[in-house]
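Working through the structure, step by step
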Amino acid sequence: MQVTKNIPKITTHVLQEMKLKGEKIAMLTGYDYSVARLLDEAGIDVILVGDSASNVMAGHKTTLPITIDQMIYHASSVMRAVKRALVVVDLPFGSYQGNSKEALHTAIRIMKESGCNAIKLEGGAEVKESIDRILSAGIPVLGHLGLTPQSINKFGTYVVRATEEREAEKLRRDAKILEEAGCFGIVLEKIPAALAAEVTDSVKIPTIGIGAGSHVDGQVLVLHDMLGINQEFSPRFLRRYHNLHDEMIKAFLAYIHDVKSGEFPNEREQY
Ligand code: KIV
């Protein structure tokens, strides 16, 4: 039985029910009004206003430079479009690590100013105090373990995480910590499929994988990657559903040709 059929608004409780019934959760990133409208119309369950906006929207090499104000700008654009999907917003780097009061302040600002439904932050035990404080204010929290891009300067590379037993054991413990704290779900990024499956079976909350194999409760991809806009990024886990790079270049070339040759506008396209 499909849980989400005819549901007017996806909530964190609906996601929990989906896990119980074995219905997979479909999540994609979204950063602007026009695309968010299409995602919602298509019936996506969750839109993540990811700090990957720093890469795909602003052209930065990492997710670190994006600010709280910029996240709020993207999130409120998405919120103006969405009727049904659950909208989750990333807390940006530097806005929650090491200071739980600042974490709460950031989460409240993002919720108040964008109107989003939940926030996401990266890490396990080390951010538990921030998670507790945010949850105590009634703000739903999505955890994020495995490859955590905000820690790129600590790890130095974007390779698969938790392949060594020590790191895998920490991830298992962190997943339990997030569940017990009251997170409504956990994103598992770029970890071995067997470990993701084990974590998925060991927690009652939904897991959402990206490069974490198929035995998770849902999947997430970065919009620009799955649409094939960004041709340089092609990790093994990425399935491209379109080649928008080539389609857009084709349209731009045709437009440039028509303008230069005087074929655009024609008589019907003028007043
Ligand atoms: O910012 C983002 O897009 C993310 C996903 C990769 C999960 O955190």
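Attention now moves to the overall build of the protein chain. The helix and strand inventory of the protein chain stands at eleven helices and eight strands. For the protein chain, whose C-alpha radius of gyration is 20 Å, the value lies close to the compact-globule estimate of 18 Å for 271 residues. Overall size of the protein chain, expressed as C-alpha extent along the three principal axes, is 65 × 40 × 35 Å. Across the 271 residues that make up the protein chain, the buried fraction comes to 48%. A fraction of 56% describes how many contacts in the protein chain between residues 6 or more apart in sequence connect residues 24 or more apart. Approximately 14100 Å² of the protein chain is accessible, and the part contributed by carbon and sulfur atoms is 55%. One way to put it: in the protein chain the 31 positive side-chain charges average out to a point 3 Å from where the 34 negative ones average out.

This model, assessed by the stated rule, comprises one aromatic pair. Seen from the ring of Phe155, Arg161 lies directly overhead, with NZ or CZ sitting 4.3 Å from the centre.

In this structure, Ile47, Val87, Ile119, Leu121, Ile134 and Leu188 are the most contacted members of the largest nonpolar core, which totals 55 residues. No other element matches the five residues that helix H4 (residues 68–79) contributes to this core. Formed by 19 residues, the second largest nonpolar core is a distinct cluster that contains Leu15, Phe184, Ile210 and Val220.

Further remarks concern the domain arrangement of the protein chain. Here the protein chain is described as being made up of domain 1 (12–240) and domain 2 (243–271). Between domain 1 and domain 2, the C-alpha centre-to-centre distance is 38 Å.

Across all of its chains, the model carries zero disulfides by this definition. The closest cysteine sulfur to the non-disulfide-bonded Cys116 is located on Cys183, 15 Å from its own sulfur. For Cys183, a relative accessible area of 2% corresponds to the buried category.

Our focus in this paragraph is the confidence of the model for the protein chain. Caution applies to low-pLDDT regions: their predicted coordinates should not be interpreted in detail. Averaged over the protein chain, the pLDDT score is 97; the fraction of residues at 70 or greater is 100%. Within the protein chain, helix H7 (residues 152–155) has the poorest average pLDDT of any element, 90, and strand S2 (residues 46–49) the best, 99.

With that settled, the discussion passes to the site of the ligand. All residues in the neighbourhood of the ligand are listed as Thr29, Leu48, Gly50, Asp51, Ser52, Asp90, Lys120, His144, Val187, Glu189, Ile210 and Val222. With respect to the ligand, the side chain of Asp90 contributes an N or O atom lying 3.1 Å from an oxygen atom. Within the contact set of the ligand, an oxygen atom lies 2.9 Å away from a side-chain nitrogen or oxygen of Lys120. Surface burial for the ligand is 95%, taken as the share of its 260 Å² of free accessible area covered by protein chains. A per-class count over the shell around the ligand returns four nonpolar, four polar and four charged.

Turning to a nonpolar patch on the surface, a few remarks are in order. Judged by side-chain polarity, Met248, Ile249, Phe252, Leu253, Tyr255, Ile256, Val259 and Phe264 come together as a nonpolar surface patch covering roughly 750 Å² of accessible area. Within the fold, Ile249 resides in helix H11 (residues 244–261). When its relative accessible area of 40% is taken as the criterion, Ile249 is described as partly exposed.

Burial analysis of strand S6 (residues 185–189) places five of its five residues in the buried class, which makes it a mostly covered element. By the alternation rule, side chains of S6 split into Gly185, Val187 and Glu189 and Ile186 and Leu188, which are all buried. The pairing of strand S5 (residues 141–146) with S6 spans five bridges and is parallel. Bridge assignment links Gly146 to a residue of S6, and that residue is Glu189. Regarding the hand of the β-α-β motif, the stretch spanning S6, helix H9 (residues 193–202) and strand S7 (residues 207–210) is right-handed.

Parameters and conventions
- Residues numbered from 1 in each chain as written.
- Predicted model: local features only at pLDDT ≥ 70, side-chain atom pairs only at ≥ 80, totals over all residues.
- Heavy atoms only, no water.
- Helix = DSSP H or I, 4+ residues; strand = E, 2+ residues; numbered from the N terminus.
- Rg over C-alpha atoms; globule rule 2.2 N^0.38 Å.
- Buried < 20%, exposed > 50% of the residue type's maximum accessible area, 1.4 Å probe, protein only.
- Contact = heavy atoms within 4.5 Å.
- Areas by Shrake-Rupley, 256 points an atom, 1.4 Å probe, with all protein chains shown as cover.
- Lys, Arg positive; Asp, Glu negative; His and termini not counted.
- Charge placed at Lys NZ, Arg CZ, Asp CG, Glu CD.
- Phe/Tyr/Trp six-rings, centres within 6.5 Å; stacked < 30°, edge-to-face > 60°.
- Lys NZ or Arg CZ within 6 Å of the ring centre and 35° of its normal.
- Core = buried A, V, L, I, M, F, W, Y, C linked by side-chain atoms within 4.5 Å.
- Domains from an automatic or database assignment.
- Disulfide = S-S within 2.5 Å.
- pLDDT = per-residue confidence, 0-100.
- Near = heavy atom within 4 Å.
- Polar contact = N/O pair within 3.5 Å; in protein donor to acceptor, adjacent residues only side chain to side chain.
- Nonpolar A, V, L, I, M, F, W, Y, C, P; charged D, E, K, R; others polar.
- Patch = residues over 30% accessible without salt bridge, like charges linked within 9 Å, V, L, I, M, F, W, Y side chains within 5 Å.
- Salt bridge = Lys/Arg side-chain N within 4 Å of Asp/Glu carboxyl O.
- Pairing = 2+ DSSP bridges.
- Right-handed = clockwise from strand over helix to strand, strands pointing away.

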